[in-house]
Every structure is written in structure tokens, then in C-alpha cells.
Amino acid sequence: PNLVLTQNIGKLPVNFSGSITAGTAMDAFGDGRFGVIATASISNKWRNRSIISQSAVNADLDLDTDFRDFVTDNRILVNGLLGLGLEIDEHKIRWTNLYIRDSLKQSALSVGTDFQDDDSIFSQKTGWFERQLIDSQLGADMKFGDMDLDVRLGYAKTQREAPYEYEFEYVRTNNLNDPLGDTYINLLDRQTGNGSVTFSDLSEELYYGGLDFSYPVADWAQLTAGFAYSDTIRLSSRREFLFDADSRFDKAVGALRPDLLLGDAVIDYYDIGLIETTQSDPAFAAGLEIFGVYSQVKLEPVLGVTLDVGVRYEDAVQEVNPVEVFATPTNSGSTTFIHNDYFLPAVTLTYEVADGLQVRASASKTIARPQFRELIFQTYYDPETNRQFNGNPLLQDSGLTNAEARAEYYFGRGNRTSAAVFYKKIANPIEAFSSFSDNERVTSFANAPSAKLLGAELDFQYNYDLLDLGGWFESKRAVVVANYTWTTSEIKVADGDVTQIFPRGPQPAGNFFRDGAPLTGQSDHLVNLQLGLEDIDKLQQFTFLINYASERVTSRGTAQLPDIVENPGLTVDFVARAEVGVLGQPFEVKAEARNIFGRGNFEYQSNGTNRIEVNSYDVGQSFALSISTEF
């Protein structure tokens, strides 16, 4: 019962974090040097969100449901790193080990209206999500005369466990002729309320390695070649069970809170049963094996001109298969098998026009593979976006053709500026789309026919000494760092284009994508601006961080509904750092004020006339104070 009982606390505890890092080095093997570094940290953060969550019944955005979700997160993050290094002559060997454990405890209470039958609904979700990463990497940089040799090996294991995700839904009919019409009740029958519990478990192992060598074949030419191999194995299971009561279940009992509703006496008396909803696809095994070989020639035919030409050949097998957990096979046949090989050329021409000024042009072909979570036909809940996701086993690789031209100018003392234009043509881009299942918004994925992207970027950093102002400003300088990126993108959809959607198979692409629509996740305008004041003789910095992103699509709308759009807008932060001495020991004090103007999270659907909020809530300001020292 303690897993389903939510409790109210008057005030969230304060967030805190701490870390410690230590390292040393010593002589070894005569003229060699051995070093070790270790770090460990922990953070404990709380967050409340009051989310407006609405859904529409038609393209006019008439409301289907309207909910207010109050979500409380408690996230604890623990991580540690141990690194060992050995240098002998010109050889360097590194062994790095990383451990991360991310725990999230979440409670969510929702109150809203289902406008199709005018019922009021109260729901409760509780969950505990554990994620863990163990990563070990061994690398060696060795030099034998003119030849450089780079060897790397690695192993990583990722785990995600989410036991006992409980969800309860209570219904108030608001019917004057119903004796309990003004009471929220849950009859555990999927008609007037329901209850469920879900168990999820994921384990993934990654083995990887590679070898590169570089050798100057002439004074003006250097050859680099190598190979890389990786093998990823994933096992994912999700089992959802509905609590099932028959018609004998009393309405008055249905008014009990969740921990009493599932009390031993109620379960025994009414013979509450379980129905598994995930029998067809309870578990999946997935794998991705990649083998690549590549070579590159770096040429300097004339002074100031560099030409890099390379090609990578890659062969990969990616597959997802249902795992039978029952004596009688029940899976839906949601398998994936993608076996492709590619030649991926790349070329870069760099010309040093003058001292500190260079221009560069490059072109390449790359690929993007679907992630396992996008392929596996298994529903999972994302506690950050507060929604359900489900994979599409019929996804295919995306192919990208890239081109960029860039000019960079460095004009002393950390001052620099650059300008670039870039272009991408994408075949089969993977896009997210949203649909509804049992009044639940579910996000899945599909390949659009093609897309193109064009953009430009400006980058600038300038330091200005304030010596002439005298006094306190004699040792100060102003720092301006700015970046602006403009991007336009559009999906291309023609009559007759199809996309593959499991389990329906080929579907008209126009049902999921609109010709000319921007790619998901793509803002037309991105601005990052830092305005700082710092001391050049000691640690003392004051910095305003200003960030702006224009609207971007997060998920395609289906059934004639508009796309789901996020509007990040403008956020302003302030960070101050200074060194102070206490009993002869230097300490660094850091103060932060984040989201000073309280920019909220806005995610919505709009048809130009009406607008509904999909995942909108106040973010609020946060303030932090930290202190650190080094011995």
C-alpha cells in the first residue's frame, strides 16, 4: 500500500549537491609517469509542475479532454569516475571508468473533464525510475617513429528499471439521478474507473573497439586509416496488468482511496483479478552490429592550402525480435531487420587567406539509424514529457548529404568571429507523430519521404579591456560572446508517397506529413548571448546568459490536427564567481540566478484561431549558491 499512497507535504525540501575530486601522479618505469584521478558527486533535486494538458476532438480544436496535472519529481543523481594514465616516452595509455545512477520518484495527480460524456475524472500516477550506466574505456596513443597508432577498447552497460508504476482513474458522473453522482469512484472495470500496475526492465550492453594509424607518406601528404567495431545487445520487457472487478463490486467501495481500494480485504472479498494488456508483446531482444573501415588523406599541395579527402565503408545489421515468454506464442510479429552497407565520402578544403583568417568548405555523406526506442513496438512512459511513446518496427535508416562553407577570423587575445552557411538533404528523415489510443496521447515515429535544410551561423567573441576607466575597473575587461543560427527546413511530400506504419503497413505519407512543414525539433532562430565582466588578475566574473529559441515542432499532428509546437522563447540567467580567502585557504564562491524572468514551458496546438495547451506549465526561477576549494 505504501507504493500507491500519495501524501501532501507543506514545502519541498531544498535542492543540494556536492562533489569531490582527487588526483595524483608519480614517476614509473624509469622515465615514465603514472597518474590517477577520481571524482564522485551526488545531487538531490525536487520539482513541482502544474501542467495544463488538453486534447482536441477535431481540426477546429474543440476540446476532447481538459486536465490539470500536478506532478512532483524527486531526482537523485550519483556518479563517479576513476581514470588511470601512464606515459612512457611518447606512448600514452588511458583507462577511464564511469558510473552514473539516476533515480526518479514521481507522483502525479490529475483532475479534468472528458467532454464526450461530461464526466469529471481524477487520476493518480506514481512511479519509481532507476537508470544506471557503467562505462569502461581503454585507449592507447603510441608513436613509432613517424607512425602514430591509436588503439581503443570499451564496454558499457546500461540498465533501466521501473517497477510498480501504478495508475488509478476515478470517475464522477455528475448525474443528478445517481446517488453517488457527486463522488469520484473507481469500480476497476475500465468503464467507471480503472487501476493498473506496470513493470518495466531494460538492459543493454555495448562492446566496441577500433584502431587508427597515421603516417606521413610525403612532406605534403599524411595518410590516416583504421577500422571500428561495435556490438550492442538490448533486452527490454514491459508487463502491464489491469485490476479487474466484476459486477458485484459496490460503488461505495469504489470511493476508497487507492491503498484501501487494493487492501487485502477488498481483493479477497470481491475476488479482484488481473488482466495483462501486454501479452502480445511483453519483451523484445534487439541488437546493432556495426563494422566500419575508413581512410583519409591530408594534402597540403601549396602553403596555406589543406585538402582532406576521406571515405568510410560501413556495414551494419540492426534487428529487433519479440521474445516469447508464454508457452503459446502470442507476439504480434513486430520484428525489424535492417542490413545496409554504405560508402560515406567526405572532403574538406581549407585555405589560410592571411594570418588569423581562414576559409573552409566541406561536403560529406552521413547516415542516421533509428534508435531502439523508436523501433520497439512497446509502450513506455517518459516522466519528463508526461506522455506515452511507442516504437515503429518498420523504420528505415536516414541518409544525409551535407555541405558547409565557413570563414573564421582570429584577431588576438581570444577575439574571434566566424560565419558559415550549411545545407542538408535528408532521405527518409525520422519524425515523431502523435495519435490517440483510449483517450491517451501516444507518440510514435515514421519516416518522411525526404527533407532539406538550409541555414547560416554567425559566431563572435570580443574582449575589451576597461583599464582606461581607472579605479576598480583597472584590472577588468568586458566579454561579449554571441552566436546566432538561422535555419529553414521543409519536408517534401508528393502524391503517391507512402510511409510504413506498424501494424498497418504502407500508408499515404500525406496522412502523417504536410509538404513544406519544418522538421521536428528545428527552430528557425537560435540566439545565445553572454555579457560578462571579469578580472584578468584574479578569479572574479559576472555573466548574464541570454538564450532565445523560436517555435519548433515537437510532434506531428495526425487526423487533421495541427502539429504540436513548443515555444522556448527567451530565458535570462545570471552567474557570479569569485575567489575568497579563509584562513589562508582559497575558496571559489559561485552564485546563480536561473530563468530570472520566469519563462514558462509552452507546448501547444494551434490552428491560427484556437489554441489548446498540450504540456504547458510555469517553470519559475531558481537560485543556487555553491562553494568549492582545492588542496
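Predicted model only: the values in this text are computed from it and were never measured.

1. A short note on the overall build of the chain
Step number 1: Summing up its helical and strand segments, the chain has three helices and 32 strands in all.
Step number 2: For the chain, the spread of C-alpha atoms along the three principal axes comes to 90 × 65 × 60 Å.
Step number 3: Classification of the 631 residues of the chain by burial places 39% in the buried group.
Step number 4: Approximately 33700 Å² of the chain is accessible, and the part contributed by carbon and sulfur atoms is 56%.
Step number 5: Computing the positive centroid from 52 side-chain charges and the negative centroid from 88, the chain places the two 3 Å apart.

2. With respect to the pattern of salt bridges
Step number 1: In the structure shown here, the tally under the stated rule is 38 salt bridges.
Step number 2: Here Lys143 and Asp148 are joined by a salt bridge, their closest N and O atoms 3.1 Å apart.
Step number 3: Among the salt bridges present, the one from Glu404 reaches Arg406, with a minimum N-O distance of 3.5 Å.
Step number 4: Among the residues examined, Arg406 registers a relative accessible area of 14% and is labelled buried.
Step number 5: When salt bridges that share partners are traced, they join Arg47, Arg49, Asp73 and Glu384 into one network.

3. Overview of a nonpolar patch on the surface
Step number 1: A contiguous nonpolar surface patch, about 390 Å² in accessible area, is contributed by Phe16, Ile42, Val78, Tyr99 and Ile134.
Step number 2: Within the fold, Phe16 resides in strand E1 (residues 16-28).

4. Observations concerning the packing of aromatic side chains
Step number 1: Under the criterion given, the structure shown has 25 aromatic pairs.
Step number 2: An angle of 5° between the planes, with centres 6.4 Å apart, marks the rings of Tyr166 and Phe243 as stacked. With Tyr166 in strand E6 (residues 147-172) and Phe243 in strand E8 (residues 221-244), this pair connects stretches of sequence that are 77 residues apart. You'll find Tyr166 and Phe243 in the same group, each marked buried.
Step number 3: When the ring of Phe512 is compared with that of Phe513, the centres are 6.5 Å apart and the planes differ by 50°; the resulting orientation is tilted. Exposure class is identical for Phe512 and Phe513. Each is buried.
Step number 4: Chaining the aromatic ring pairs together yields one cluster made of Tyr164, Tyr166, Phe168, Phe199, Phe241 and Phe243.
Step number 5: Over the aromatic face of Tyr617 sits the side chain of Arg49, whose NZ or CZ is 5.5 Å from the ring centroid.

5. Remarks on the environment of Lys157
Step number 1: Tracing the backbone shows Lys157 in strand E6.
Step number 2: Exposure remark for Lys157: the relative accessible area of 27% places this residue in the partly exposed category.

6. Looking at the pairing of E8
Step number 1: In the sheet, strand E7 (residues 194-218) pairs with E8 via 22 bridges, with the strands oriented antiparallel. Paired with Asp212 across the strands is Gly226, a residue of E8.
Step number 2: Turn length for the E7-E8 hairpin, with the two strands adjacent in sequence and antiparallel, is two residues.
Step number 3: Both E8 and strand E9 (residues 273-276) contribute to a ladder of four bridges, which runs antiparallel. Paired with Phe243 across the two strands is Leu274, which belongs to E9.

7. What about the environment of Ala28?
Step number 1: Here Ala28 is to be found in strand E1.
Step number 2: On the basis of relative accessibility, which here comes to 15%, the residue Ala28 falls in the buried class.
Step number 3: In the structure, Ala28 is positioned 379 residues away from Ala407 in sequence and 46 Å away in space, judged by C-alpha atoms.
Step number 4: The contacts of Ala28, once residues within four sequence positions are left out, are Arg33, Phe34 and Leu86.

8. Notes on empty space enclosed by the protein
Step number 1: If you walk through the whole model with that rule in mind, you get one cavity of 30 Å³ or more.
Step number 2: In this model, the largest cavity occupies a volume close to 40 Å³.
Step number 3: Lining the largest cavity are Leu288, Ala316, Val317, Gln318, Ile338, Asn340, Tyr342, Arg369 and Asp397.
Step number 4: Mapped by element, the contributors of at least two residues to the lining of the largest cavity are strand E11 (305-322) and strand E12 (336-354).
Step number 5: Here the residues of the lining of the largest cavity sort into five nonpolar, two polar and two charged.

9. A word on the nonpolar core
Step number 1: Of all hydrophobic cores here, the largest spans 18 residues; its most connected members are Tyr166, Leu188, Phe243, Phe249 and Ile272.
Step number 2: At the level of elements, E6, E8 and helix H2 (264-270) are the ones that each hand at least two residues to this core.
Step number 3: In terms of residues, this core owes the most to one element, E6, which gives three residues.
Step number 4: Excluding its chain neighbours within four sequence positions, the residues that come into contact with Phe249 are Asn186, Leu187, Leu188, Gly254, Leu261, Val266, Tyr270 and Ile272.
Step number 5: Listed in part, the 15 residues of the second largest apolar core include Phe422, Ala451, Ala509 and Phe512.

10. Some thoughts on the pairing of strand E26 (residues 552-557)
Taken residue by residue, a regular strand's side chains alternate between the two faces of the sheet.
Step number 1: Relative to strand E27 (residues 564-566), E26 is paired through three bridges, and the arrangement is antiparallel. The partner of Ser555 across the bridge, within E27, is Ile564.
Step number 2: Between E26 and E27, which pair antiparallel one after the other, the connecting turn spans six residues, and Ala559 there sits at a positive phi close to 55°.

Calculation criteria
Residues numbered from 1 in each chain as written. Predicted model: local features only at pLDDT ≥ 70, side-chain atom pairs only at ≥ 80, totals over all residues. Heavy atoms only, no water. Helix = DSSP H or I, 4+ residues; strand = E, 2+ residues; numbered from the N terminus. Buried < 20%, exposed > 50% of the residue type's maximum accessible area, 1.4 Å probe, protein only. Areas by Shrake-Rupley, 256 points an atom, 1.4 Å probe, with all protein chains shown as cover. Lys, Arg positive; Asp, Glu negative; His and termini not counted. Charge placed at Lys NZ, Arg CZ, Asp CG, Glu CD. Salt bridge = Lys/Arg side-chain N within 4 Å of Asp/Glu carboxyl O. Patch = residues over 30% accessible without salt bridge, like charges linked within 9 Å, V, L, I, M, F, W, Y side chains within 5 Å. Phe/Tyr/Trp six-rings, centres within 6.5 Å; stacked < 30°, edge-to-face > 60°. Lys NZ or Arg CZ within 6 Å of the ring centre and 35° of its normal. Pairing = 2+ DSSP bridges. Contact = heavy atoms within 4.5 Å. 1 Å grid on protein atoms, 1.4 Å probe; cavity = no way out; pocket = protein on both sides within 12 Å on 5 of 7 lines; lining within 4 Å. Points joined across faces, edges and corners; volume = space filled by probe spheres on them. Nonpolar A, V, L, I, M, F, W, Y, C, P; charged D, E, K, R; others polar. Core = buried A, V, L, I, M, F, W, Y, C linked by side-chain atoms within 4.5 Å.

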